[in-house]
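# Survey of secondary and tertiary structure
Here is how the chains run, residue by residue.
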Amino acid sequence: MLGKKLVTAQKRGETRALCLGLGMVACSVMMYFFIGITIVPFYTKSVWTTETMCKVLKANIMDKVLCPNSKGLEDEDNFPYPCLQVWVNLTASGQEVMLYQTEDTLERNPKCSYVPNKSENSKEVKARVETIASNFKKYQTFPCYYDPGGTQTNVILSRLYPPKGLLFAFLWPTLMFTGGCLIIVLVKISQYFSVLSARQ
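Thresholds, definitions, all that
Along every chain, residues carry numbers that run from 1 in the direction the sequence is written. In keeping with the predicted nature of the model, local features appear solely for residues at pLDDT of at least 70, side-chain atom pairs appear and are counted solely at 80 or more, and the whole-chain, interface and lining totals rest on all residues. For side-chain calculations, the full set of non-hydrogen atoms in the structure is used, while hydrogens and water are omitted. We call a pair of cysteine sulfur atoms a disulfide when they lie within 2.5 Å. Think of it this way: any DSSP run of H or I at least four residues long counts as a helix, any run of E at least two long counts as a strand, and we number them from the N terminus. Summary of the burial criterion: residues with accessible area below 20% of their type's maximum are buried, those above 50% are exposed, and those between are partly exposed, where the area comes from a 1.4 Å probe applied to protein chains only. Within this document, salt bridges are pairs made up of a side-chain nitrogen of Lys or Arg and a carboxyl oxygen of Asp or Glu, the two lying within 4 Å of each other. The quantity known as pLDDT measures the predictor's confidence residue by residue, on a range of 0 to 100. Should any heavy atoms of two residues lie within 4.5 Å, those residues are considered in contact. Ring geometry is summarised as follows: Phe, Tyr and Trp rings, the Trp one being its six-membered ring, pair when their centres sit within 6.5 Å, and such pairs are stacked at plane angles under 30 degrees, edge-to-face over 60 and tilted between the two.

One pass over the structure, following the stated rule, counts two disulfides. A sulfur-sulfur distance of 1.9 Å marks the disulfide that ties C54 to C144. Its S-S torsion of approximately 70° makes the covalent link between C54 and C144 right-handed. In this pair, C54 sits in strand β1 (residues 50-66) while C144 sits in strand β4 (residues 141-146), placing the two residues 90 residues apart along the sequence. Pair check on accessibility: C54 and C144 agree, each one buried. Here C83 engages in a disulfide with C112; their sulfurs sit 2.0 Å apart. The disulfide joining C83 to C112 has a torsion of about -120° about its S-S bond and is therefore left-handed. Taken together, the positions of C83 in strand β2 (residues 80-90) and C112 in the loop between α2 (103-108) and α3 (122-138) put the pair 29 residues apart, joining distant regions of the chain. Shown here for the protein is a disulfide pattern of 1-4, 2-3, where each number marks a bonded cysteine counted in sequence order.

Shown next, in the form of structure tokens:
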């Protein structure tokens with residue numbers, strides 16, 4: 001009787017462990033799919049792939065401009081803010097080009113180097129833009145990214161999804177997938193030895 005109870009408990013434990021392993025594998029596959037349709041397209045679409053050094057030539061704050069409407073955005077998403085324009089000397093080519101914060105900045109407003117969040121009030125936006133402008137004037141040489149193919153003649157300060165960020169995004173589903181597969185393999189090995197011991 002005790003032996004049967006132990007066998008039953010062992011089978012239940014193996015079933016739960018197997019379900020856990022399969023669940024981890026399924027979740028990791030879903031995470032891979034989500035990353036594949038969200039982050040990877042933005043990474044492959046970006047042409048600013050080569051890092052170089054940029055030197056600030058001028059950083060001017062223009063009059064307030066409206067954030068232009070993008071596709072899918074309503075009129076209420078337009079908001080005025082001081083337009084910061086930063087022009088730099090690209091070390092790789094010696095050209096004078098405009099600097100943008102990220103790839104998204106260029107899409108939202110190609111006239112400004114920095115586009116603030118709508119949630120910030122006007123005073124916070126003005127103070128932030130002035131701080132950014134003073135930092136550019138203080139630290140005039142810094143790394144930036146440009147398009148080696150020449151499709152885009154401007155540069156960006158930082159990439160939305162750099163290679164390290166992409167690898168980090170794939171790290172967690174990979175660990176989960178590996179852990180799930182390991183649990184499944186251990187359960188199968190345990191079942192195999194249980195069958196062998198039962199035959200003897």
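Taken as a whole, this structure holds one salt bridge when the rule is applied. Across the pair E107 and K45 runs a salt bridge whose closest N-O atoms are separated by 3.5 Å. One end of the pair, E107, is in helix α2; the other, K45, is in helix α1 (residues 2-45), and 62 residues separate them in sequence. The pair formed by E107 and K45 is uniform in burial state, with each residue classed as exposed.

Before going further, it helps to spend a moment on the confidence of the model for the protein. Model confidence for the protein is summarised by a mean pLDDT of 83, while 84% of its residues fall at 70 or above. In this model residues 69-76 is a low-confidence stretch, pLDDT under 50, and it forms five contacts with partners more than four residues away in sequence or in other chains.

Relative to the helices and strands, K126 resides in helix α3. Exposure remark for K126: the relative accessible area of 49% places this residue in the partly exposed category.

Enumeration over the complete set of coordinates arrives at four aromatic pairs. Aromatic side chains F42 and Y161 sit 6.0 Å apart centroid to centroid with 35° between the ring planes, which places their arrangement in the tilted category. Pair noted here: F42 is in helix α1 and Y161 is in the loop between β5 (155-156) and α4 (163-199), with a separation of 119 residues, a long-range link. Geometrically, the ring pair formed by F136 and F142 is tilted, given 5.5 Å between the ring centres and 55° between the ring planes. Taking relative accessible area as the criterion, F142 reaches 9% and is therefore assigned buried.

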